[in-house]
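Survey of secondary and tertiary structure
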Amino acid sequence: MKAVGITPRKAHTARLVELPMPDVDHVPNGRGVKVRILQVGVDGTDKELHLGEYGAAPEGFDFLVTGHESFGKVVEVGPNVKELEVGDYVVPTVRRPGHSLFDAIGNYDMTSDATYYERGINLRHGYMTEFFVDDPEYIVKVPKGLKHIAVLLEPMSICEKGIIQAYEINRRLKVWRPRRVAVMGAGPIGLLAALCCRIRNLETVVFGVDKRPFRNAELLDEIGASYCSVQERSVEQEYKEHGRFDMIFEATGFSPVVFDSMSALANNGCLILSSVTGGKRKVEVEADRLNLEFVLGNKVMFGTVNAHRGYFEQGLSDFALSEAEFPGWLSKLLSHPVDGLENFKQVLTHLFEAKNCTKAYLNVSKDD
Ligand code: BGC
Ligand code: ZN
């Protein structure tokens, strides 16, 4: 079968490659689930992969099949699979367990191993292909009524993990009722993080670079979040006028923003860092002040990567809430579709060049 492969750590090598058809027997104990891919989305991590800045091929291969945001349909299950059946719509998770205690208890997104395995990113083939086979532990069933937005579930799971963990961490306060939230970055993760906050009824300010007219700013208007272009108004101006933020979700992909975010955080607040930054950028910061404010304000800053199936499931619940509160909004994020695996280059052109591209994605095969 066909797949889209790259040579990791080399720029612009994407090509069609051939892979053997996977079989349910490849998973031990009759637990294989075979899925036909319907859609695959691309994001900033794919950009880094295609620029040769990130990623690794599985052992024994000189290429990596890309694609980690996906949606598909079950076509075959092994004899000992009870949780899924043929015809179910599904989204697979991305990480696969390593060897630490956290991997053993299903928290593979919290591995303490130095090496991590991620389908479509690091050491495991991804989903920009026709079929895959995996254990049902890593495959989340999607309700039929949410299949039109399911390709957004993987990025949504990243937002869910960050926000749920912020609440989890702030159980140290016994009561934590964040009121004002900032989201740094108005890309797909920024928009989905803002949605998570609006669903939880939080006052939400999203900071981005682009000035209006800007499509993502209009999308934010529709869910009652405010948009602020840092070309017109700095983060500092905003918090000096309207107060600091109880929670900040950083998703710009530009590491210096982390330090502005530290300054903008309220006492007892939580700063969530989610940007994967492959470069070597250096900045000078007011270290004494930042440290002092964190100490005197009992503030927290933490990193979050990937997500286990629980966060995918929470993402589905929030998708349902979103469709109830903001009907049709999530579909508007799916801005740049391309039909057919062989047209993958078009999806990359959208990812790198298209104006107002919220999410480019490939329709790999048609649903029947
Ligand atoms: C993916 C995550 C992954 C992270 C780091 C993100 O783009 O959505 O699943 O853990 O990159 O590789
Ligand atoms: Zn991603």
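Quick note: structure is the one above.
Here's a quick rundown of the structure. Along each chain, numbering runs from 1 in the same order as the chain's sequence is written. Labels are handed out in written order, letters beginning with A for the chains and numbers beginning with 1 for the ligands. Only residues with pLDDT of 70 or above have their local features reported here, since the model is predicted, and side-chain atom pairs are shown and tallied only from 80 upward, although totals for entire chains, interfaces and linings are computed over all residues. In computing side-chain values, all of the structure's heavy atoms are included and hydrogens and water are not.

Examining the sheet that holds strand 4 (residues 64-65)
By definition, two strands form a pair when at least two bridges between them are found by DSSP. Secondary structure counts use DSSP, requiring at least four H or I residues in a row for a helix and at least two E residues in a row for a strand, with both numbered from the N terminus. Sheet architecture is open: three strands sit in the order 2-1-4, paired in antiparallel fashion. In the strand order of this sheet, the two ends are held by strand 2 (15-18) and strand 4, each with one partner. Of the pairings in the sheet, the one linking strand 1 (residues 2-6) to strand 4 comprises two bridges and is antiparallel in character. Within strand 4, the residue paired with Ile 6 across the bridge is Leu 64.

Observations concerning the side chain of Ser 229
Here Ser 229 is to be found in strand 14 (residues 226-229). Working definition: with a 1.4 Å probe on protein chains only, accessible area under 20% of the residue-type maximum means buried, over 50% means exposed, and in between means partly exposed. Taking the relative accessible area as the measure of exposure, Ser 229 reaches 3% and is therefore buried. Apart from the residues within four sequence positions on either side, Ser 229 is in contact with Gly 208, Val 209, Asp 210 and Lys 211. Contacts: residue pairs with any heavy atoms within 4.5 Å of one another.

Here's the deal with the packing of aromatic side chains
When we look at a pair of aromatic rings, we describe it by the centre distance and by the angle of the planes. For this analysis, a ring pair means two rings from Phe, Tyr or Trp (six-membered ring only for Trp) whose centres lie within 6.5 Å, classed as stacked if their planes differ by under 30 degrees, edge-to-face if by over 60, and tilted for the remaining angles. The full count for this structure, using the stated rule, is seven aromatic pairs. Both rings, one in Phe 214 and one in Tyr 227, keep their centres 5.5 Å apart while their planes meet at 55°; by these two values the pair is tilted. Here Phe 214, found in the loop between strand 13 (203-208) and helix 5 (215-222), pairs with Tyr 227, found in strand 14; they are 13 residues apart in sequence, far enough to count as distant. Overall, the relative accessible area of 10% leaves Phe 214 in the buried class. Classification of Tyr 227 by relative accessible area gives buried; the value is 11%. Residue placement shows Lys 34 over the ring face of Phe 131; its charged tip is 4.8 Å from the ring centre. Two limits define a charge over a ring: the Lys NZ or Arg CZ must be within 6 Å of the ring centre, and within 35 degrees of the ring normal.

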